[in-house]
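# Commentary on secondary and tertiary structure
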Amino acid sequence: MTKPHRRRAIARALIPFACVALWCLRTEAAYPERPIKLIVPFAAGSAADTLSRVVATALSEQLGQPLVVDNKGGAGGTIGTVDIARSKPDGYTLGIAAQGTFVNNQVLYSSPGYDSIKDFSFISEIADVQNLLVVSEKSPYHSAPALLEAIKAKPPETFRYSSSGVGTSHHIAGATVAQYLEKPLMHVPYTGAPQGLSAILSGDVDMGLYNMPAALGLVKSGKLRPLAVTGPKRSSLLPDVPTLDESGLQGYSVTLWWGLVGPAQLPPDISSRLYAALDKVMSDSALRDKLIGLGFTLPDTPIPQPAAFEALVRQDLATWIPVLQKLGTAAQ
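Residues numbered from 1 in each chain as written. Predicted model: local features only at pLDDT ≥ 70, side-chain atom pairs only at ≥ 80, totals over all residues. Heavy atoms only, no water.

For the coordinates displayed, the defined rule picks out 8 salt bridges. Of the charged contacts in the structure, one is a salt bridge between Arg34 and Asp90, with a shortest N-O distance of 3.5 Å. Taken as a pair, Arg34 in the loop between α1 (3-30) and β1 (36-40) and Asp90 in the loop between α3 (78-86) and β3 (93-98) lie far apart in primary sequence, 56 residues in all. A salt bridge links Arg314 to Glu310; the nearest nitrogen and oxygen atoms lie 3.0 Å apart. Within this pair, Arg314 and its partner Glu310 are both found in helix α11 (residues 306-327), separated by 4 residues, close to a single helical turn. We classify Glu310 as partly exposed; its relative accessible area is 24%. (Salt bridge = Lys/Arg side-chain N within 4 Å of Asp/Glu carboxyl O. Helix = DSSP H or I, 4+ residues; strand = E, 2+ residues; numbered from the N terminus. Buried < 20%, exposed > 50% of the residue type's maximum accessible area, 1.4 Å probe, protein only.)

This part is about the environment of Gly203. Residue placement: Gly203 occurs in the loop between α7 (193-202) and β7 (207-211). Sequence separation of Gly203 and Arg160 is 43 residues, and the distance between their C-alpha atoms is 9.9 Å.

The subject of this paragraph is the packing of helix α4 (residues 99-108) against α11. Contact geometry of α4 with α11 gives a least axis separation of 9 Å together with a crossing angle of 40°. With respect to α11, the axis of α4 lies oblique. In the packing of α4 onto α11, the handedness of the crossing is right-handed. Taken together, the residues of α11 that come into contact with α4 (itself represented by Gln99, Phe102, Val103, Asn104, Gln106 and Val107) are Val313, Asp316, Leu317, Trp320, Ile321, Leu324 and Gln325. (Axes fitted to C-alpha atoms, helices over the stretch in contact; angles between N-to-C directions. Parallel < 35°, antiparallel > 145°, perpendicular 65-115°, else oblique. Left-handed = near helix turned anticlockwise from the far one by under 90°. Contact = heavy atoms within 4.5 Å.)

Inspection of the entire model under this criterion finds 10 aromatic pairs. Aromatic pair Phe102 and Phe120: ring centres 4.6 Å apart, planes at 45°, arrangement tilted. Taken together, the residues Phe102 in helix α4 and Phe120 in strand β4 (residues 120-136) connect sequence positions 18 residues apart. Looking at Phe102, the relative accessible area reads 0%, which means it is buried. (Phe/Tyr/Trp six-rings, centres within 6.5 Å; stacked < 30°, edge-to-face > 60°.)

With 16 of 17 residues buried, β4 is to be regarded as a mostly interior element. Here β4 pairs with β7 via 4 bridges, running antiparallel. The partner of Leu132 across the bridge, within β7, is Tyr210. Across 5 bridges, the pairing between β4 and strand β8 (residues 224-229) is antiparallel. By the bridge assignment, Leu132 is partnered in β8 with Val229. (Pairing = 2+ DSSP bridges.)

Here the focus is helix α9 (residues 268-282). An ideal rise of 1.5 Å per residue puts 21 Å on 15 residues; α9 measures up with 21 Å between its terminal C-alpha atoms. Ile270, Ser271, Leu274, Tyr275, Ala277, Leu278, Asp279, Val281 and Met282 are the residues of α9 that are buried. (Expected span 1.5 Å × (residues − 1).)

For the bond running from Tyr31 to Pro32, omega is -5°, close enough to zero to count as cis. Within the secondary structure layout, Pro32 lies in the loop between α1 and β1. Residue Thr301 is joined to Pro302 through a cis peptide bond whose omega torsion reads 0°. Along the chain, Pro302 falls in the loop between α10 (285-293) and α11. At Glu182, a residue that is not glycine, the phi angle is positive and equals roughly 55°.

A word on the confidence of the model for the protein. Chain-level pLDDT for the protein is 91 on average; 90% of the residues reach the 70-or-more range. The low-confidence segment residues 17-28 (pLDDT under 50) makes 2 contacts with residues lying over four places distant or belonging to another chain. (pLDDT = per-residue confidence, 0-100.)

Here we take up the nonpolar core. Among the nonpolar cores identified, the biggest contains 57 residues, and Ile126, Leu132, Trp258, Leu278, Met282 and Leu291 are the most heavily contacted of them. Residue contributions to this core peak at 9 residues, all from helix α2 (residues 47-63). Per-domain counts for this core show at least three residues from each of domain 1 (36-127 + 255-327) and domain 2 (130-247). Those residues in contact with Leu132 that lie beyond four places of it in its chain are Gly208, Leu209, Tyr210, Met212, Ala215, Val219, Pro226, Ala228, Val229, Leu238 and Val241. (Core = buried A, V, L, I, M, F, W, Y, C linked by side-chain atoms within 4.5 Å. Domains from an automatic or database assignment.)

So this is what it looks like as structure tokens:
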């Protein structure tokens, strides 16, 4: 075979490989070609919803396609989380993972409908937050120690606390207070944080322990009185409000994280594309200032890699499941 014929033969042989390579490049560059649905397994107006909408707007600009927030609250977040797990792994349905849905619900629900590790592709942690112990402005309690002493002095379940549902951080934070005090509280779950907060304002319940971004507006308007934060240190937004640890519950610390996930078997190129876009979003100083001002704590940038986010979930499953089992909260 002459050299020209040999070159043509080699070229023809390489055509299929070149086409595959070009197809791969075209596929990667094309994603996303249409709007992406972002499932938020909590009610509109919740802290998770607020965080998701801010991030979704910025992420839409990075990806060149709208991220449409779809609130699917109920059953402590299990309904929406099941939908994330069961969606097609093509990158067009993503979801918000929360410590409550991925960790707490594995104890609180006998059959949540998903495996927190096997059924998801992890992108990255987005933010975490501590809760705020609040009462109505009309409440007779003006400090956490006064409220805690009253709880201890009265019969079990005299005091009622609201939450946005069984398994949420609001529920766990209240159950942990009850455990510390060795005095049961009456848990009154609602369909979302706005409804649970309204119950405090109306006097239907005595108190609540809500994510700071959800409660902060009502605190600033004077409708809710902040008594303590649930994290290991005071918040820079409310520096005069003590921690529950400072208020007499030594060692008390309950916080909550959120992150971005997709269904299991998300293609690596799509996962990488989403991580890179999210990292750019979370590195923007204006966005960071906005979220911090709303009460969120943000991870350092570059944001955690997918493997690090998955490791966080695994660690919390190992840490919190024994604690929740000790709390004795019944499976649903």
